[in-house]
Amino acid sequence: MSTELQAELQTAVERRRNFAIISHPDAGKTTLTEKLLLYGGAIHQAGSVKARRAQRHATSDWMEMEQQRGISITSTVLQFAYQNCQINLLDTPGHQDFSEDTYRTLAAADNAVMLIDAAKGLEPQTRKLFEVCRMRGLPIFTFINKLDRPGREPLDLLDEIEQELGLQTYAVNWPIGMGDRFKGVYDRRSAQIHLFERSAHGQREAVDTAIDLGDPRIEGLLEQSLYHQFKDDLELLEGLGPELDLERIHHGKMTPVFFGSAMTNFGVELFLNAFLDYALKPGSHASNKGDIPPTYPEFSGFVFKLQANMDPKHRDRIAFVRVCSGRFEKDMTVSHARSGKTVRLSRPQKLFAQDREVIEEAYPGDVIGLNNPGVFAIGDTIYVGSKLEYEGIPCFSPELFAYLKNPNPSKFKQFRKGVSELQEEGAVQIMYSADEAKRDPILAAVGQLQFEVVQFRMQNEYGVETQLELLPYSVARWVDGGWEALTKVGRLFNTVAVKDSWNRPVLLFRNEWNVSQVQADHPELQLNSIAPVVS
Ligand code: G4P
């Protein structure tokens, strides 16, 4: 490889940081995203994030929005420059029914930021998404938000993370007071106190003044009780807390914790600065040819998400590709591993909320949007040079199941086309009954809204009015060893076997209790809640 290209790739990787935010709705993800963008000088675009928030709250009429704007509930990729670094924020949809999309986005992220509401602590969707991060071994940064409002004790929050998630915490900064008495945070990196002063209207941007820990003014600035509490906390942290261990952070075993208030933009910059220092840079990815480092001289990447009809005028489809190695250039011709075809990537796009910009080049850690004329599916690898294929993206366990029926036989073709395209796009998982007589596809979703989306799109894009017949199951388990293993165990009770898109057996259960029952009766049966990767 030319040493020039090597140096160029090395520099690009050094400068790139990529992350996704995991949180429960309302923790402040949109607000934090908006504030982070301010630092990247993307101030005008930040408004578009806000506009999306306003819309997102009206989830019931999102279909209307889908029609008006072409997109409403989707992941986009926000790229911004900060301190000589390119930061890629892989934005995930806020609505909890769309967590399947979030899962896939995490497959393209190098780091995760776990955003927690200080008053609520860990919430269900955060826990769920945390499990995905853990499975992927992602480094996790914790931002505890809304300190300007009354919340739970900081130590209590850290304890919850440690106990419930089994994740060691390292407080990078520490709050002084909370709610009305919130005075600021102590930044352990610089040994400075950043004072929080509400601006005249109480809420908007906070004034951030930093003073050294040894500064005699501190006592005067803080109320007596807060000052003593702070000193005690600090002693505890320094005395009993662990040392910062980057290695453990990079393996997702320790989380650096930050306190702040996204709404008033307090603590966000401190967070961003530390994040740049501690976050994992784009690294190697496992492929059939072993680990491919980002500095591998040829371009390669994988599709982690597909999105249809982002622009209503063009009825187009976009494949989101995570660049893994080499340099991507506009108009490049690449090979598509699954089909063996070559594809010219003529209009690669950088995506920023609604705005799209044609990009000239991209580097490992970046995400590009490609027009997808039906070639790409989730998990596909594209590459230049000798063939390689990245490990696929796992499917996540659906919790809702329904037959999708087409009552109008003359629409048979459109129905079949719609089902297969929506499946390929990953809008929903599709399964079929093991009983050949039942030929209707079974939609398997993580949220009710996914069903509505499928029905809506079947009608709007394929002209088929469908009917749903809900099935009484809530748990899916993939069987290790396939049909052979399943046949061996003989008859099973309180479960039904269906096949997934790859013809693999999946057992559906009404509840977890039935899963335990079957497991107890047949300990030899290996059941997985996440589908094995297909490569
Ligand atoms: P999400 O994307 O995670 O769902 O959360 P979002 O940013 O939409 O924030 C949810 C609510 O929490 C918003 O209030 C937002 O203003 C508020 N919020 C976010 N960060 C902070 C913070 O640091 N402090 C306080 N006090 N509130 C915060 P809302 O009333 O739903 O919307 P809005 O009227 O403020 O737009």
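Residues numbered from 1 in each chain as written. Predicted model: local features only at pLDDT ≥ 70, side-chain atom pairs only at ≥ 80, totals over all residues.

Which residues make up the site of the ligand, and what are the values?
Surrounding the ligand, one finds 17 residues, the nearest of these being Gly 28, Lys 29, Thr 30, Thr 31 and Met 263. Sorting elements by how many residues they give to the shell around the ligand places helix α2 (residues 29-39) first, with three residues. Broken down by class, the residue content of the shell around the ligand amounts to four nonpolar, seven polar and six charged. (Near = placed C-beta within 6 Å. Helix = DSSP H or I, 4+ residues; strand = E, 2+ residues; numbered from the N terminus. Nonpolar A, V, L, I, M, F, W, Y, C, P; charged D, E, K, R; others polar.)

Account for the packing of helix α12 (residues 412-425) against helix α13 (residues 448-462), with residues named and values stated.
Two elements in contact, α12 and α13, have axes whose closest approach is 10 Å; the angle formed by their N-to-C orientations is 125°. The angle between the axes of α12 and α13 places the two elements in the oblique class. At the point where α12 passes α13, the crossing takes the right-handed sense. In this structure, α12 contributes Gln 414, Lys 417, Gly 418 and Leu 422 to the contact, and α13 contributes Val 454, Arg 457, Met 458, Glu 461 and Tyr 462. Residue composition of the contact of α12 with α13, grouped by class: four nonpolar, two polar and three charged. (Axes fitted to C-alpha atoms, helices over the stretch in contact; angles between N-to-C directions. Parallel < 35°, antiparallel > 145°, perpendicular 65-115°, else oblique. Left-handed = near helix turned anticlockwise from the far one by under 90°. Contact = placed C-beta atoms within 7 Å.)

Run through unusual backbone geometry, naming residues and quoting values.
Of note, the phi angle at Asp 331 is positive, near 70°, even though the residue is not glycine. In this structure, Asp 331 sits in the loop between β16 (328-329) and β17 (332-336). Of the residues examined, Asp 331 has 10 C-beta atoms within 10 Å and is grouped as exposed. A positive phi is found at Asn 503, a non-glycine position, where the angle reads about 65°. Topologically, Asn 503 is positioned in the loop between β29 (495-499) and β30 (505-509). (Buried ≥ 20, exposed ≤ 12 C-beta atoms within 10 Å, placed from the backbone.)

How would you sum up the sheet that holds strand β5 (residues 140-145)? Please name residues and give values.
With mixed pairing, seven strands are arranged side by side in an open sheet as β2-β3-β1-β4-β5-β11-β6. Two strands bound the open sheet, and with one partner strand each, they are β2 (77-82) and β6 (168-171). Each adjacent strand pair in this sheet contributes to an overall mean axis angle of 30°, direction not counted. Where α2 meets the sheet, it contacts β1 (16-22), β2, β3 (85-90), β4 (111-117) and β5, and its direction lies at approximately 40° from that of β2. (Pairing = 2+ DSSP bridges.)

Before we move on, could you go through the sheet that holds strand β25 (residues 429-433) and cite the residues and values that matter?
The eight strands are arranged β27-β24-β26-β25-β29-β30-β28-β31 in an open sheet whose pairing can be described as antiparallel. Strands at the two margins of the open sheet, each flanked by one partner only, are β27 (467-471) and β31 (527-528). For strand β24 (residues 400-405) and strand β26 (residues 442-445), the ladder comprises four bridges, and the chain directions are antiparallel. Following the sheet pairing, Tyr 403 is matched in β26 by Ile 442. The strands touched by helix α15 (residues 512-521) are β28 (475-479), β29, β30 and β31; relative to β28, the strand with the most contacts, the crossing angle is about 30°.

Give me the lowdown on the environment of Gly 301, citing residues and values where you can.
By the secondary structure assignment, Gly 301 is in strand β14 (residues 300-308). What makes Gly 301 buried here is the crowd of 27 C-beta atoms within 10 Å. In sequence terms Gly 301 and Leu 388 are 87 residues apart; their C-alpha atoms lie 9.9 Å from each other. Aside from chain neighbours lying at most four places away, what touches Gly 301 is Val 321, Arg 322, Val 323, Cys 324 and Ile 382.

Break down the pairing of β30 for me, with residues and values.
In terms of burial, β30 is largely enclosed, as five of its five residues are buried. Residue alternation in β30 divides its side chains into two sets, Pro 505, Leu 507 and Phe 509 and Val 506 and Leu 508, and both sets are buried. Note: β28 against β30, four bridges, orientation antiparallel. Bridge pairing in β30 links Arg 477 to Leu 507. For β29 and β30, the ladder comprises five bridges, and the chain directions are antiparallel. Bridge pairing links Val 498 to Val 506 in β30. Linking β29 back to β30 in an antiparallel pair, the connection comprises five residues, with Asn 503 at a positive phi of about 65°.

Could you give an account of the packing of α2 against helix α11 (residues 268-278), with specific residues and numbers?
For the pair α2 and α11, interaxial distance at closest approach is 10 Å and the crossing angle is 70°. With respect to α11, the element α2 is oriented roughly perpendicular. Only Val 268, Glu 269 and Leu 272 of α11 make contact with α2, whose side of the interface consists of Leu 32, Lys 35, Leu 36 and Tyr 39. In terms of residue class, the contact of α2 with α11 is built from five nonpolar, no polar and two charged.

Which residues make up the nonpolar core, and what are the values?
Of all hydrophobic cores here, the largest spans 130 residues; its most connected members are Ala 112 and Val 321. With six residues, strand β15 (residues 317-325) is the single largest residue contributor to this core. The residues touching Ala 112, leaving out its near neighbours within four places in the chain, are Phe 19, Ala 20, Ile 22, Leu 106, Cys 133, Leu 138 and Ile 140. (Core = buried A, V, L, I, M, F, W, Y, C linked by C-beta atoms within 7 Å.)

Would you mind going over helix α6 (residues 124-136) in detail, with residue names and values included?
Counted at 1.5 Å a residue, the expected span for α6 with its 13 residues is 18 Å, and the 19 Å between its end C-alpha atoms agrees. Those residues of α6 not exposed but buried are Thr 126, Leu 129, Phe 130, Val 132 and Cys 133. All buried residues of α6 lie within an arc of 160° about the axis, which places them on one face of the element. Two residues or fewer after α6 comes Gly 137, characterised by a positive phi angle close to 65°. (Expected span 1.5 Å × (residues − 1). Arc of directions from axis to C-beta.)

Just distances and angles here, no functional claims.
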